[in-house]
Structure formats: structure tokens, C-alpha cells
Amino acid sequence: SFLDQAKIIYTGSGATASMLAMNKHITKTICVENGISTANWSGLRLVDSNKVKKIISHDNKFGDKVIIKPNFQGSSIGISIADYNNIEEAVELAFMYSNEVLVEEYIKGREITVGILGNKTLPLIEIMPNQDYYNFDCKYTQGQSIYRVPADIDTDVEKKIKEDALSIYHLLGCRHYSRVDFLLDENNNHFLLEVNTLPGMTPSSLLPKAAESRDMDFDELVETILKIALIDNDKVL
């Protein structure tokens, strides 16, 4: 917002798109309104674990396990796979990082991410963590995850995932570059997890890995993002 007010050119999505994407509840609501599949969920604000138990037991959207996550957070911080035995601990952890929490349907599946550069998708990446899900340790500890680029996915499924990734990217108002995460279940149904308006940009991060599979090295990727941003700025002017 400061850069916009100061009329300073920058790369990446603007403040509004970044705010929308950081709010998982809003992102998922936009998905539902536009026919993009996402796991069933309930948004909660400053509630105790007993209320969460009641929601799970009285709502057939959820099974025996759920995902408890902060509504405003990144890098998988504060996320837990929970059941009735550890729900109190999971809720307490999530509320440490946000005053709003999501109770989300647990879907066992493959983790897929889609890099977007400008208005085009990059090859899909399958993330294979050595734990139950792609948590903070798996993201940032060397050797804790394996990445398959490009992902081994049916062509029609791949096409639909890419279409949905671009759709939510545009619906949120993202620009220049982003990364969109999905779960792919055993029946090849995909569910949007979240949109990363500022994905990791170290040489070992996922977006650079996807670009590298297109023979675009890290320096070229950075230069491409800069060129896209300059072109967008010229259009505005």
C-alpha cells in the first residue's frame, strides 16, 4: 500500500490481492462462488475447542480427522491434523497465530503446486514430504521433501488444475508471478489449498524449480518478472 501511494514500481501482486490471498476463508469462498473445488471448511473466531468438537460431530462435511489452521498465516505455521484426541492442542496452537481459525476437511492426497509467470502456468510440481503433510520442517529443511518436476499427472487433470490456478489468480487480482497449491485425491479430484502471492524466490524454492524445468535459470526468472512488472506499469501509465 505504501509503495502504491508513493507511486513506486514493484514486482508482485498489489496490496488488495495479497490481502485476499492471505485470508484463506475469503479465498475459499471465492473458489466456491466460481466453481473451483476446495476442501469443505468452517471459519471460526475466538472459540474454544468444545465448540470445534460440536461442529465436527454435527456437520457431515467433516470426517474423523480435520485440518486446523490459522486463517492468516503462511509457511504451514500453526497447522495441525487433528482428531478428538488432540483437538484442544490443535486449536490452541492455531489461535497463537491468528484470531480466526479454519476447521477444514482432511483430504488424503498428493500435494501439487502450480507456478504462474505473467499469465502463463509453469510445469506442475508434485511435493512428496516425508511427513503427513508439507509442514514447516518439510519446506525448509534439506532432504525432508522430494520434488517431482514435472508432476506425473494425467494430461486432462493437469489441464484442469492449470485452468483453475489461472482462474483464482485472476479472480484475486494477482499479477506478475504467484504459486497456487492443490491437493489431488486418489480419484484425481483436485482441491485448492491456497494462493501464494509472494512465493519463495531462493534458487531452491518451488517457483524457480518449475522455471528451471522450462530451461529458465534463476537469473532469467528474476529478469522476466522485472520485465513483466515494467510492461504492466507502462500499461497503467
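This text gives an overview of the structure that appears in the document. These numbers were taken from a predicted model, which means no experiment stands behind them.

### Brief notes about the environment of Glu186
Here is step 1: For Glu186, the position within the fold is in the loop between strand 9 (177-184) and strand 10 (190-196).
Here is step 2: On the basis of relative accessible area, Glu186 is assigned to the exposed category, the value being 76%.
Here is step 3: Measuring from C-alpha to C-alpha, the distance between Glu186 and Arg110 comes to 8.2 Å, with 76 residues separating the pair along the chain.

### Topic: the pairing of strand 9
Each regular strand displays side chains that alternate between the two surfaces of the sheet.
Here is step 1: Within strand 9, eight of the eight residues are buried, which leaves it mostly tucked inside the rest of the structure.
Here is step 2: Burial of the side chains of strand 9 extends over both faces: Tyr177, Arg179, Asp181 and Leu183 are buried on one face and Ser178, Val180, Phe182 and Leu184 on the other.
Here is step 3: Relative to strand 9, strand 5 (residues 110-117) runs antiparallel, the two sharing eight bridges. Bridge assignment links Ile116 to a residue of strand 9, and that residue is Ser178.
Here is step 4: Where strand 9 lies against strand 10, six bridges are found, and the strand directions are antiparallel. In the sheet register, Val180 faces strand 10, and the bridge partner there is Val195.

### What to know about helix 3 (residues 24-33)
Here is step 1: What helix 3 keeps buried is the set Lys24, Thr27, Lys28, Ile30 and Cys31. Down the axis of helix 3, the sector holding all buried residues measures 155°, keeping them to one side. Facing away from the buried side of helix 3, by more than 90 degrees, are the exposed residues Val32 and Glu33.
Here is step 2: Among the residues of helix 3, the N-terminal cap falls to Asn23, whose side-chain oxygen and the backbone nitrogen of His25 are separated by 3.2 Å.
Here is step 3: Once helix 3 finishes, Gly35 follows within two positions and takes phi at roughly 75°, a positive value.

Scoring rules and cut-offs
- Residues numbered from 1 in each chain as written.
- Predicted model: local features only at pLDDT ≥ 70, side-chain atom pairs only at ≥ 80, totals over all residues.
- Heavy atoms only, no water.
- Helix = DSSP H or I, 4+ residues; strand = E, 2+ residues; numbered from the N terminus.
- Buried < 20%, exposed > 50% of the residue type's maximum accessible area, 1.4 Å probe, protein only.
- Pairing = 2+ DSSP bridges.
- Arc of directions from axis to C-beta.
- Polar contact = N/O pair within 3.5 Å; in protein donor to acceptor, adjacent residues only side chain to side chain.

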